[in-house]
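What the coordinates show
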Amino acid sequence: MALETTVEQVDARVPVTIVALDGELDASNFAALVEQVQGLYAAGTRHLLLDLSALRFMASSGLVALHSIVRIMDGQAPDDAEAGWNALHAVGHDASGGSTQAGVQLCGAQPGVQRVLDRTGLSRMFMIHADRAAGIAAF
């Protein structure tokens, strides 16, 4: 299944860029999402809200994408997708640290996606909000 993304700019207390994900985040499309966020960061985005309300499935490559997005928004290089298990190991290592990345927040995670985030520990890296309005207000 394809992944469609829409980007919206919102003026809140700080400018927030919302990237809404619709479909499935997997090996066929995660690199395009990472590249899209790299472009947004290069254009000046510093507060990113990922709206997961229409994301129905997330594979392990989606975890790498989320971790890469955190790295990008922190001014670092994204994970090397060619590194395979090493990229997933980096996700696990950083998630075990328990500190959240305030520049990237999530909202609207469906139960199946939320379970993946919780079981992998990646949910500890993000502020996760019930909906878009709560996410915007948190910045």
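Conventions we followed
- Residues numbered from 1 in each chain as written.
- Predicted model: local features only at pLDDT ≥ 70, side-chain atom pairs only at ≥ 80, totals over all residues.
- Heavy atoms only, no water.
- Axes fitted to C-alpha atoms, helices over the stretch in contact; angles between N-to-C directions.
- Helix = DSSP H or I, 4+ residues; strand = E, 2+ residues; numbered from the N terminus.
- Parallel < 35°, antiparallel > 145°, perpendicular 65-115°, else oblique.
- Left-handed = near helix turned anticlockwise from the far one by under 90°.
- Contact = heavy atoms within 4.5 Å.
- Nonpolar A, V, L, I, M, F, W, Y, C, P; charged D, E, K, R; others polar.
- Pairing = 2+ DSSP bridges.

Their axes nearest at 9 Å, the elements helix 1 (residues 30-42) and helix 2 (residues 60-73) cross at an angle of 10°. One finds that helix 1 runs roughly parallel with respect to helix 2. By crossing handedness, the relation of helix 1 to helix 2 is classed as right-handed. Every residue of helix 2 that contacts helix 1 at Phe30, Leu33, Val34, Val37, Gln38 and Tyr41 is listed here: Ser61, Val64, Ala65, Ser68, Ile69, Ile72 and Met73. When grouped by side-chain class, the residues that make up the contact of helix 1 with helix 2 number 10 nonpolar, 3 polar and no charged.

What follows concerns the sheet that holds strand 1 (residues 3-11). Spatial strand order, 1-2-3-4-5: 5 strands in an open sheet with mixed pairing. On the outer flanks of this sheet lie strand 1 and strand 5 (127-129), each paired with one strand and no other. Sheet twist, expressed as the mean angle between neighbouring strand axes with direction ignored, is 25°. Bridge analysis of strand 4 (residues 104-107) against strand 5 gives 3 bridges, and the strand direction is parallel. Within strand 5, the position partnered with Leu106 by the bridge is Ile128.

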